[in-house]
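# Commentary on secondary and tertiary structure
Residue-level listing of the chains:
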Amino acid sequence: MVNIQLELNSLEETITEVIKKALPSQEYVGFADTDEFQRISGISDADLKKKVYPNAEFKKRFIRRFPGSRKRYIKIKPAIDYIWDYLLEGE
């Protein structure tokens, strides 16, 4: 009985790990360009351009460029958290 229980626990842990690896993760780390950030965040292009990117604090904290580059990169996780905490309104 004890051996069966241990084997079931091991099987359950293995199945859990396989499922975690198979499902897409919603945890993003690192940076994304503005197109990828729009896809990841799910915020419309119009809302990003009119309400998020013009926000001075958002620009200062989360948007970066390489010297001489026109492409902007956004630090994903903290930027999404900032939008949720400070720019979106509750209903």
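Each value, and the rule that gives it
- Residues numbered from 1 in each chain as written.
- Predicted model: local features only at pLDDT ≥ 70, side-chain atom pairs only at ≥ 80, totals over all residues.
- Heavy atoms only, no water.
- Phe/Tyr/Trp six-rings, centres within 6.5 Å; stacked < 30°, edge-to-face > 60°.
- Helix = DSSP H or I, 4+ residues; strand = E, 2+ residues; numbered from the N terminus.
- Buried < 20%, exposed > 50% of the residue type's maximum accessible area, 1.4 Å probe, protein only.
- Lys NZ or Arg CZ within 6 Å of the ring centre and 35° of its normal.
- Salt bridge = Lys/Arg side-chain N within 4 Å of Asp/Glu carboxyl O.
- Pairing = 2+ DSSP bridges.
- Contact = heavy atoms within 4.5 Å.
- Axes fitted to C-alpha atoms, helices over the stretch in contact; angles between N-to-C directions.

Inspection of the entire model under this criterion finds 6 aromatic pairs. Taking 5.4 Å as the distance between ring centres and 55° as the angle between the ring planes, the aromatic pair formed by F62 and Y82 counts as tilted. Placement of F62 in helix α4 (residues 56-62) and of Y82 in helix α5 (residues 76-87) is noted, with a sequence separation of 20 residues between them. Judged on exposure class, the residue F62 and its partner Y82 are both buried. Three or more aromatic residues joined by ring pairs make a cluster, and in this case those are Y53, F58, F62, Y82 and Y86. Between R72 and the ring centre of Y53, over which it is positioned, the NZ or CZ distance is 4.9 Å.

As enumerated under the stated definition, the model contains 6 salt bridges in all. Between E57 and R61 there is a salt bridge, with the nearest N and O atoms lying 3.9 Å from each other. Of this pair, E57 and R61 both sit in helix α4, 4 residues apart, which is roughly one turn of that helix. For E57, a relative accessible area of 34% puts it in the partly exposed group. Exposure remark for R61: the relative accessible area of 43% places this residue in the partly exposed category. The closest approach of N and O atoms between D81 and K77, which form a salt bridge, is 3.1 Å. Here D81 and its partner K77 are both found in helix α5, 4 residues apart, which amounts to about one turn of the helix. For D81, a relative accessible area of 33% puts it in the partly exposed group. Since its relative accessible area comes to 36%, K77 is described here as partly exposed.

Taking strand neighbours across the sheet as the criterion, the 3 strands line up as β1-β3-β2 in an open arrangement whose pairing is antiparallel. Strands with a single pairing partner mark the edges of an open sheet, and in this sheet they are β1 (31-33) and β2 (63-64). Where β2 meets strand β3 (residues 73-75), 2 bridges bridge the pair, whose relative direction is antiparallel. Residue pairing in the sheet places I63 in a bridge with I74 of β3. In the packing of helix α2 (residues 34-41) onto the sheet, contacts are made with β1 and β3, and the angle to β1 comes to roughly 110°.

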